[in-house]
Amino acid sequence: MKHYQYVVGITVVVTLLQLVENPFKIHKWDVGATLRRLKTTTDKTANLHEVESLKDLNNKKNKAERKGQLVVIYFFTSWCEPCKNIASPALSGYATDYPKTMFLKVNTGTRKDIKKHYSVRSVPTFKFIKKGTNLDDVVGADMEEVKSMLDQYGK
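First, a word on scope: everything that follows refers to the structure included in this document.

Definitions and cut-offs
Residues numbered from 1 in each chain as written. Predicted model: local features only at pLDDT ≥ 70, side-chain atom pairs only at ≥ 80, totals over all residues. Heavy atoms only, no water. Helix = DSSP H or I, 4+ residues; strand = E, 2+ residues; numbered from the N terminus. Buried < 20%, exposed > 50% of the residue type's maximum accessible area, 1.4 Å probe, protein only. Contact = heavy atoms within 4.5 Å. Areas by Shrake-Rupley, 256 points an atom, 1.4 Å probe, with all protein chains shown as cover. Core = buried A, V, L, I, M, F, W, Y, C linked by side-chain atoms within 4.5 Å. Phe/Tyr/Trp six-rings, centres within 6.5 Å; stacked < 30°, edge-to-face > 60°. Lys NZ or Arg CZ within 6 Å of the ring centre and 35° of its normal. Expected span 1.5 Å × (residues − 1). Pairing = 2+ DSSP bridges.

### Let's talk about the overall build of the protein chain
Then, in step 1: When helices and strands are counted, the protein chain shows seven helices and five strands.
Then, in step 2: Secondary structure elements of the protein chain occur, N-terminal to C-terminal, as α-α-α-β-α-β-α-β-α-β-β-α.
Then, in step 3: In the protein chain, buried positions account for 33% of the 155 residues.
Then, in step 4: Considering only intrachain contacts with a sequence separation of at least 6, the fraction spanning at least 24 residues in the protein chain is 68%.
Then, in step 5: Only carbon and sulfur atoms are counted for the fraction: they give 57% of the accessible area of the protein chain, which is about 10,000 Å².

Spelled out as structure tokens, the structure:
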């Protein structure tokens, strides 16, 4: 029994030392998730932002509206397959194609206050706002409809 406790104790100490020395060596599964998260929050486009709070969203929205820009708020969650596989990649492309439109991303899994404030009931949801007025909504990953709205309101 004591031998087993000794081996377990050494294993824990060695694992902790390895973790301190190289945190990515032990937790390889976390690296991919971290890189994906970094990729979505540090997009190459200056007009695509993931918001951290309702105040942050309002500041970015107000800044865009002062410039007369269309604001598209994209509501998603980390577990939503259509969000991950269809809407998010397309939105990154649209942010490049429509540089005069401000795209704001809201994770409704972590930002429930914003979800409630905008009465979002399903993800993905896109809200198109200009001059403080909600022009239109697209619920679901209908990216052709989103593009149509961008063409209609974003030009």
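Anyway, onward from the coordinates.
### A closer look at the nonpolar core
Then, in step 1: Counting 22 residues, the largest nonpolar core has Phe103, Phe126, Phe128, Val146 and Leu150 as the members making the most contacts within it.
Then, in step 2: Put simply, the parts of the chain that give this core at least two residues each are β2 (70-76), α5 (81-97), β4 (125-130) and α7 (143-153).
Then, in step 3: Beyond its immediate chain neighbours, meaning those up to four positions away, Phe126 contacts Val72, Ile73, Tyr74, Ala87, Leu91, Asp136, Asp137, Val138, Gly140, Met143 and Val146.
Then, in step 4: Of all hydrophobic cores here, the second largest spans 13 residues; its members include Val51, Ala64, Val71 and Leu104.

### Examining the packing of aromatic side chains
Then, in step 1: In the structure shown here, the tally under the stated rule is four aromatic pairs.
Then, in step 2: Ring centres 6.3 Å apart and planes at 80 degrees place the aromatic pair Tyr94 and Tyr98 in the edge-to-face group. The residues Tyr94 and Tyr98 share a single accessibility class, namely buried.
Then, in step 3: By the ring-pair criterion, three or more aromatic residues cluster together here, those being Tyr74, Phe76 and Phe126.
Then, in step 4: One residue, Lys105, lies across the ring of Phe76, its end atom 5.7 Å from the ring centre.

### Structural notes on α5
Then, in step 1: Over its 17 residues, α5 extends 24 Å from the first C-alpha to the last, a length consistent with the 24 Å expected when each residue adds 1.5 Å.
Then, in step 2: All of the buried residues along α5 are Cys83, Ala87, Ser88, Leu91, Tyr94 and Ala95.
Then, in step 3: Here the buried face of α5 lies against β1 (48-50), β2, β3 (101-107), β4 and α7.

### Here we look at the pairing of β2
Then, in step 1: In terms of burial, β2 is a largely internal element, seven of the seven residues being buried.
Then, in step 2: Two strands pair when backbone bridges link them, and β2 and β3 are joined in this way by seven bridges, in the parallel orientation. Bridge assignment links Phe76 to a residue of β3, and that residue is Asn107.
Then, in step 3: Sheet topology note: the β2/β4 ladder contains five bridges and is antiparallel.

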